[in-house]
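Structural characterization, general
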Amino acid sequence: MFVLSIIKDTVAVHPQHFALPPEQAITNELNKKYANRVLHDVGLCICVFDISEAGEGKIRYGDGFLWYKVVFRLVVFRPFASEVILAKVKSSDEDGIRLSMGFFDDIYVPLMWLPEPSAFDPNERAYFWLPGSEAKTAHELLDSPTSERMYIDTGEIVRVRVEADEFYDDEPGPPKATEGVQQVQLENRRPPYTITNKVWVLCHGGKMRVSRPWTRDSEAMQLRFESYSCLL
Amino acid sequence: MEVVNQRSALLSNYEVLTLLKELESDHLARTRTALRIKKEEEAAGLPRNHVPQEEVLENLRTIEVEAIQYLSADHQPSLKQTDASISQLTRSLSRFDLTKAEKLQIVNLAPTEAVELYVIVEELEDRLGDHMQDILSTVRASLIEAVSSAEPTHAPAEVGFYQEPVQAVYQEAETWEYDANEIVFEDNGEGAGVEGDLDIDED
């Protein structure tokens, strides 16, 4: 889930931080620049792990900053493909489920990767799964008695497998002007880093609204597992 | 900026949690000393001399707090793990024919049920067959709870080992609330004015 990335960069330390030991000052600057940001094709940066190399601080003409050339290691959130992670259901809609890990929210489960057969219940705004059911279409599934459905409620913890991740560079590009007036673009901003998942085994969640509770009882688990292997 | 190596090493959740907790306690210690010095100076009626205050890195604090919350939630095994138990677990996992990624996930998720293991290891039955239960019991043994419940009348050293992390977690929870208060205090304090002055100087 987390990796170490080696990155080379030049940082400037403001004179107000000269009192600090240089290592601390550099780490602070790097954390200020990288922490909680998505680096393109690298991942979501968490914090500096350590500094491997740092040159001597140099002062350039024009400002009082000390400029350091640094090679450092960064803790980055970047789950590899097919890694299994635990995440919380943030919301569900007709397109799929959105998951959250607290520090990272752009995790999506598209409809096609939900365990089959499952359908979206518009009344509950949640997906449910009917293990062992013969029904194929969403209509047939929605006719089933509510007590048999296994709902994937908001706030529940699910175990998902990472299928793909994608980076999107949201650079605005040059400003567009029509008739000499600058246009403000009102398009949707896409998240810079998204992860697409497959729901695998739904595990020990909070509240379960099914008559046959998803306990950790091995028999029930086995049953669930069998229906998964059918899917495979 | 130049990315030298995107993925030079993989980290386990526990390692990241330890690192973040260290950062957090460093931060707490610093704010507490800063506050104490300030109070002492005020009490002594000394004129405020300009001690350079370390700024609070907001983005770092955000990710730190959120990641700690995620990694130490109830559904994560990290609370039941210790440095020793993880190194023991990885050593005993080397007996089995597992890939590096699978081992990492076993450490991260600590599967104690067969289903949980099926998800992590591909073609589990063909590759491991009878060893599956061995892996599960190894993992169970590495979790502190399992140790204490299985053998409650163990050597006292073992018991001490069990209690230590629990206490540490409790302290962490307590200091956390202090932290929230302290940040509020800092924001309303004179620091804001000082920053404003500096801005003007720069212009």
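Just above, that's the structure.
My aim in this report is to walk through the structure given alongside it, one point at a time. These numbers come from a predicted model, not from an experiment. (Residues numbered from 1 in each chain as written. Chains lettered and ligands numbered in written order. Predicted model: local features only at pLDDT ≥ 70, side-chain atom pairs only at ≥ 80, totals over all residues. Heavy atoms only, no water.)

**Concerning the overall build of chain B**
Of the regular secondary structure elements, chain B holds 10 helices and 1 strand. Going from the N terminus to the C terminus, chain B shows its helices and strands as β-α-α-α-α-α-α-α-α-α-α. Taken over 203 residues, chain B has a buried fraction of 35%. In chain B, the proportion of contacts linking residues at least 24 apart, taken out of those at least 6 apart, comes to 71%. Looking at chain B as shown, the accessible area adds up to about 12200 Å², and 52% of this sits on carbon and sulfur atoms. (Helix = DSSP H or I, 4+ residues; strand = E, 2+ residues; numbered from the N terminus. Buried < 20%, exposed > 50% of the residue type's maximum accessible area, 1.4 Å probe, protein only. Contact = heavy atoms within 4.5 Å. Areas by Shrake-Rupley, 256 points an atom, 1.4 Å probe, with all protein chains shown as cover.)

**Some points on the nonpolar core**
Considering soluble globular proteins, one finds that nonpolar side chains tend to be buried as a cluster. Core analysis: the biggest nonpolar cluster contains 67 residues, and Phe 2, Ile 46, Phe 77, Leu 99, Met 101 and Phe 103 of chain A together with Ile 135 of chain B have the highest contact counts within it. If one sorts the elements of this core by residue count, helix H2 (residues 58–71) of chain B sits on top with 6 residues. Once residues lying within four places of it in the same chain are set aside, the contact partners of Ile 46 of chain A are Phe 2, Ala 35, Asn 36, Val 75, Val 76, Phe 77 and Phe 103 of chain A together with Leu 20, Leu 60 and Ile 63 of chain B. Ranked by size, the runner-up nonpolar core spans 18 residues in total, among them Ala 25, Cys 45, Tyr 68 and Val 70 of chain A. (Core = buried A, V, L, I, M, F, W, Y, C linked by side-chain atoms within 4.5 Å.)

**So, the interface of chain B and chain A**
The figure often quoted for interface size is the accessible area lost as the parts come together. Contact residues are listed per partner, giving 45 residues for chain B and 51 residues for chain A. Summed over both sides, the interface between chain B and chain A buries roughly 4600 Å², with carbon and sulfur atoms accounting for 63% of that surface. One can count 1 salt bridge joining chain B with chain A. A salt bridge links Glu 2 of chain B to Lys 8 of chain A; the shortest N-O distance between them is 4.0 Å. Between chain B and chain A we count 13 residue pairs in polar contact (both at pLDDT 80 or more) in total. Broken down by element, the side of chain B that touches chain A gets its largest block of residues, 10 residues, from strand S1 (residues 2–11) of chain B. Taken together, the residues of the side of chain B that touches chain A break down into 25 nonpolar, 11 polar and 9 charged. One ladder, built from 6 bridges, connects strand S1 (residues 2–13) of chain A with S1 of chain B; its direction is antiparallel. Each bridged residue has a counterpart across the sheet, and for Ile 6 of chain A the counterpart in S1 of chain B is Asn 5 of chain B. (Buried area = accessible area lost by both parts, 1.4 Å probe. Salt bridge = Lys/Arg side-chain N within 4 Å of Asp/Glu carboxyl O. Polar contact = N/O pair within 3.5 Å; in protein donor to acceptor, adjacent residues only side chain to side chain. Nonpolar A, V, L, I, M, F, W, Y, C, P; charged D, E, K, R; others polar. Pairing = 2+ DSSP bridges.)

**Quick word on the environment of Glu 83 of chain A**
Take Glu 83 of chain A: it is sitting in the loop between strand S5 (66–77) and strand S6 (84–93). A relative accessible area of 1% places Glu 83 of chain A in the buried class. Taking the C-alpha atoms as reference points, Glu 83 of chain A and Val 162 of chain A, separated by 79 residues in sequence, lie 5.4 Å from one another. With sequence-adjacent residues up to four places away left out, Glu 83 of chain A is seen in contact with Met 1, Val 160, Arg 161 and Val 162 of chain A together with Gln 105 and Asn 108 of chain B. Within the local environment of Glu 83 of chain A, its side chain forms a polar contact with the backbone nitrogen of Met 1 of chain A, the two atoms lying 2.7 Å apart.

**Observations regarding unusual backbone geometry**
Trans peptide bonds make up most of the peptide bonds, and negative phi angles are found at most residues other than glycine. Residue and element names in this part refer to chain A. Residue Asn 36 is not a glycine yet carries a positive backbone phi of 65°. By the secondary structure assignment, Asn 36 is in the loop between helix H1 (22–34) and strand S2 (38–39). One non-glycine residue, Asp 41, lies in the positive phi region at around 65°. Here Asp 41 lies in the loop between S2 and strand S3 (43–54). Judged by its relative accessible area of 39%, Asp 41 is partly exposed.

**Structural notes on the side chain of Gln 81 of chain B**
Residue and element names in this part refer to chain B. The topology assignment puts Gln 81 in the loop between H2 and helix H3 (83–93). Since its relative accessible area comes to 6%, Gln 81 is described here as buried. Beyond its immediate chain neighbours, meaning those up to four positions away, Gln 81 contacts Tyr 14, Ile 86, Val 107, Ala 110, Leu 143 and Ile 144.

**Focus on the packing of aromatic side chains**
With the rule as written, the count across this model stands at 9 aromatic pairs over all chains. Three or more aromatic residues link up through ring pairs in this structure, and these residues are Phe 2, Phe 77, Phe 103 and Phe 104 of chain A together with Tyr 70 of chain B. The ring centre of Trp 67 of chain A lies 4.4 Å from the NZ or CZ of Arg 60 of chain A, which sits over that ring. (Phe/Tyr/Trp six-rings, centres within 6.5 Å; stacked < 30°, edge-to-face > 60°. Lys NZ or Arg CZ within 6 Å of the ring centre and 35° of its normal.)

**Structural notes on helix H4 (residues 100–109) of chain B**
Residue and element names in this part refer to chain B. For H4, a buried count of 7 out of 10 residues is recorded, marking the element as mostly surrounded by other parts of the structure. Where H4 is concerned, the buried positions are Glu 102, Leu 104, Gln 105, Ile 106, Val 107, Asn 108 and Leu 109. Among the residues trailing H4, Ala 110 stands out with phi positive, at a value near 45°.

**Topic: the sheet that holds strand S9 (residues 118–121) of chain A**
Residue and element names in this part refer to chain A. The antiparallel open sheet is built from 3 strands, whose spatial order is S9-S10-S11. Across the chains shown, the open sheet's two edge strands, defined by having one partner strand only, are S9 and strand S11 (150–152). Neighbour-to-neighbour, the strand axes of this sheet turn through a mean angle of 35°, independent of strand direction. One ladder, built from 3 bridges, connects strand S10 (residues 126–129) with S11; its direction is antiparallel. Along S11, the bridge assignment pairs Phe 128 with Tyr 151. (Axes fitted to C-alpha atoms, helices over the stretch in contact; angles between N-to-C directions.)

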